[in-house]
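# Architecture at a glance
Residue-level listing of the chains:
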Amino acid sequence: MRGSGARLLWLLVLSLAWLGPAWGDSEGLEGKDDDGEVVAEEEEDEDDDVVSDELVEEDSVLVLHEHNFDRALSEFSLLLVEFCKCPGCGQGLGTGRGTGQSRECRAGGRDAPWCGHCQRLAPEFAQAAARLRNGSEAVRLGKVDATAQTALSNEFGIHAYPTLKLFRDGNRTHPLTYSGRMDAEGIVRWMQRRAGPSTTLLQDTDTAAAFINAQDIVVVGFFKDLQGEAAQAFYEAAGEVVDVAFGVTKADELFEAYGLSVDTVCLFKKVSRAGEGVRGSMVGIPGAHWPASWQFDEERTDFPVDPAQGLNAAELTRLLRVHSLELVMEFSNEVRPPSHPVPSTSRRVPQPSRSSCSPQTSSRIFGANIPHHMLLFLNKTVEEQLALRDDFRKAASNFRGKVLFVVVDVDGYGATVLSFFGLTPADAPTLRFIKMENNRKYQMAEDAFSATAVRDFVQAVLDGKIKPHLLSQTPPEDWDTRPVKVLVGKTFEQVAFDETKNVFVKFYAPWCSHCKEMAPAWEELGERYKDHEDIVIAEMDATANELENLTIRGYPTLHYFPAGPGRKMIEYRSTRDVETFSKFLENGGTLPEEPPAVTKTPENSTGTEDLSPSGTAEARDEL
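Because the structure is a prediction, the values reported are computed rather than measured.

Moving on: the overall build of the protein chain. The helix and strand inventory of the protein chain stands at 16 helices and 25 strands. Of all 623 residues assigned to the protein chain, the portion counted as buried reaches 52%. At a minimum sequence separation of 6, the contacts of the protein chain that also span at least 24 residues come to 75%. Carbon and sulfur atoms make up 47% of the accessible area of the protein chain, which amounts to about 28100 Å² in all.

Structure follows, in structure tokens:
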């Protein structure tokens, strides 16, 4: 299935481990008369139930379909709907018999492949639904099984799963696409920001100081006119940046107290001092003190409103997300693996307990939408490696907003992302640069950790002077004797672009459910064509092998490379079964003309995503 953003990218596992398949267990008709015939009344009752507009819940989540969708819109002023490929979430059109779980078919979420294990959305969504349901009768969460409810999917242009859309005040024509974190806390905050006031009104210096000092990060908008266009853009940004508290003021005394004369947005952050907590000098409160947990490089950042151009909400949102990050982030996720042994000659640093570790930062790292990441992999239990952070931080100051610098602890949370980079804990310390738009990774010829070396390396990558480092497995000894040839990065070019062969390649991920489903068909196809001199059926693990000129964004992806001169490539995007594959091969890389496809989803289909040339489509897991 298709992903929505090119930056959806470090660890393949993230964007992609969504909930195992579970079909609802709809009951059949059981009523019979004495002669063994089905009783007509019972069948009619079942039919009535199917088309009912009754609102049924599963784990506090409304099960929605085309017959009750309008009713849900009319009853709840804020309705967040998840469109998913989940055969268990109401296959019976609201009978409530499904499991509420989704298939492994995620695309278009905010997480990226290097980020580690992705949270299972179904329990997170259900948890958020329960919290919001208890907090307000007007705010609800619902879900639509896109596999069964194709009319709703087509109406709202759903091509990636899960896709979340917010419907406000019964408006069916202009839903807002969800832009928050894909976990319970993120969903709750995003909805609460839209259900209530997005900002706090600050009227004097005392309330402003108390507001700012109570938070690690706060944003305050200073506007002469709180109803003007600039203020409206500020409120819109406040609805997007839900992890930060927003205040607003028009008080002259606050303009004066903070040294402002024109409309300005100010971002306040707590900066820890060496060996101390953080002092509130920026708000003029002597002795105010916090734990040294936030490592910001600046106490306050001002964004003056341009009198001519005004304030752009999208750009303000981007700037706030960028500047609300620490200059160097430390990657952390919800799962911390066991420690790895370190050499006995290394000096080990005592580590904090699990409960005192830093909060999850993965959502902030990927939510900032910074196009490039520079990573320092180290073992925090080794003192010599820990000291490398100082020069890494010095280099980071030159690239704020362009490159996000991240420390990855191979002995902690970072162990979950090592395989995406082809690394092991023993490789630390080492550096990697990654372009988020295409997952291209770059490494130094020989690691050098000084601030100058890191700075020069990053600039050289940005200037296009360094080629990407491509992962490749070692080819199996029998790779070319099997019916399905096993390709790796090192052998791909010579096989795929052999001018004497027509090569059909499956790019897959070992964990991909859709890849596993089509594996028998692909093996059968290999057997069928193993004796054809000019046809090669092949496959490549795209999570362990990378190609310079071809980026694989979803699994499975099928490409056909026809014989002859030139580097031609045709993507196959039709039904994934042996007979259709054969028609495609026998017809030279195209499918014969067929009657227009019926819009009804076949019973054995995985649902409709991006339509193929023949009018059909198959699901796939997406980066």
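Having seen it, we continue.
Listed in full, the buried residues belonging to helix α9 (residues 313-323) are Ala313, Leu316, Thr317, Leu320, Val322 and His323. Where the residues of α9 are buried, they touch β8 (217-222), α7 (229-240), β9 (245-249), β10 (264-269) and β13 (300-304). One side-chain oxygen at the N-terminal end of α9 lies 3.0 Å from the backbone nitrogen of Ala314; it belongs to Asn312.

Before going further, it helps to examine the sheet that holds strand β7 (residues 200-201). Ordered by their spatial adjacency, five strands build an open sheet running β7-β9-β8-β10-β13, and the pairing between neighbours is mixed. The open sheet has two free edges, formed respectively by β7 and β13, since each of these has just one partner strand. Sitting on the sheet, α7 touches β8, β9 and β10, and the angle it makes with β9 is about 165°.

This brings us to the confidence of the model for the protein chain. When the pLDDT values of the protein chain are averaged, the result is 76; 73% of them are 70 or greater. Strand β12 (residues 289-290) is the least confidently modelled element of the protein chain, averaging 30 in pLDDT, while helix α8 (residues 252-257) averages 96, the highest of any element. Low confidence marks residues 1-49, where pLDDT is under 50. Its contacts with residues over four positions away, or in another chain, come to 165 contacts. Confidence drops under pLDDT 50 across residues 597-617; counting only partners more than four residues distant or on other chains, this segment forms 45 contacts.

If you walk across this open sheet you meet the six strands as β1-β2-β4-β3-β5-β6, and the pairing is mixed. Strand pairing shows two members of the sheet lacking a second neighbour, β1 (56-58) and β6 (176-177), which therefore form its edges. With six bridges joining them, strand β3 (residues 78-84) and strand β5 (residues 163-168) adopt antiparallel strand pairing. Counted as the bridge partner of Leu78 is Arg168 from β5. Strands β1, β2 (61-64), β3, β4 (139-145) and β5 of the sheet are contacted by helix α3 (residues 121-135), whose axis makes an angle of about 150° with β4. Sitting on the sheet, helix α5 (residues 184-195) touches β3, β4, β5 and β6, and the angle it makes with β3 is about 145°.

The next subject is the packing of helix α12 (residues 389-396) against helix α13 (residues 451-462). Across the interface, α12 lies against α13 with an axial gap of 8 Å and an inter-helix angle of 45°. It follows that α12 is oblique to α13 by the angle criterion. As for the relative orientation of α12 and α13, their crossing is right-handed in sense. The segment α12 lies against α13, with Asp391, Phe392, Lys394 and Ala395 engaging Ala451, Val454 and Arg455.

Moving on, we come to the packing of aromatic side chains. The full count for this structure, using the stated rule, is 30 aromatic pairs. An angle of 80° between the planes, with centres 6.0 Å apart, marks the rings of Phe433 and Tyr442 as edge-to-face. An identical accessibility class is assigned to Phe433 and Tyr442; each is buried. When the ring of Phe492 is compared with that of Phe497, the centres are 6.2 Å apart and the planes differ by 85°; the resulting orientation is edge-to-face. In this structure Phe492 comes out as buried when scored by relative accessible area, which is 3%. Here a set of aromatic residues connected by ring pairs shows up, and it is made of Phe504, Trp522, Tyr560, Tyr572, Phe581 and Phe584. The ring of Phe255 carries Lys224 above its face, with NZ or CZ at 4.0 Å from the centroid. Its end group placed over the ring of Phe420, Lys441 keeps NZ or CZ at 4.2 Å from the ring centre.

Cut-off values and rules
Residues numbered from 1 in each chain as written. Predicted model: local features only at pLDDT ≥ 70, side-chain atom pairs only at ≥ 80, totals over all residues. Heavy atoms only, no water. Helix = DSSP H or I, 4+ residues; strand = E, 2+ residues; numbered from the N terminus. Buried < 20%, exposed > 50% of the residue type's maximum accessible area, 1.4 Å probe, protein only. Contact = heavy atoms within 4.5 Å. Areas by Shrake-Rupley, 256 points an atom, 1.4 Å probe, with all protein chains shown as cover. Polar contact = N/O pair within 3.5 Å; in protein donor to acceptor, adjacent residues only side chain to side chain. Pairing = 2+ DSSP bridges. Axes fitted to C-alpha atoms, helices over the stretch in contact; angles between N-to-C directions. pLDDT = per-residue confidence, 0-100. Parallel < 35°, antiparallel > 145°, perpendicular 65-115°, else oblique. Left-handed = near helix turned anticlockwise from the far one by under 90°. Phe/Tyr/Trp six-rings, centres within 6.5 Å; stacked < 30°, edge-to-face > 60°. Lys NZ or Arg CZ within 6 Å of the ring centre and 35° of its normal.

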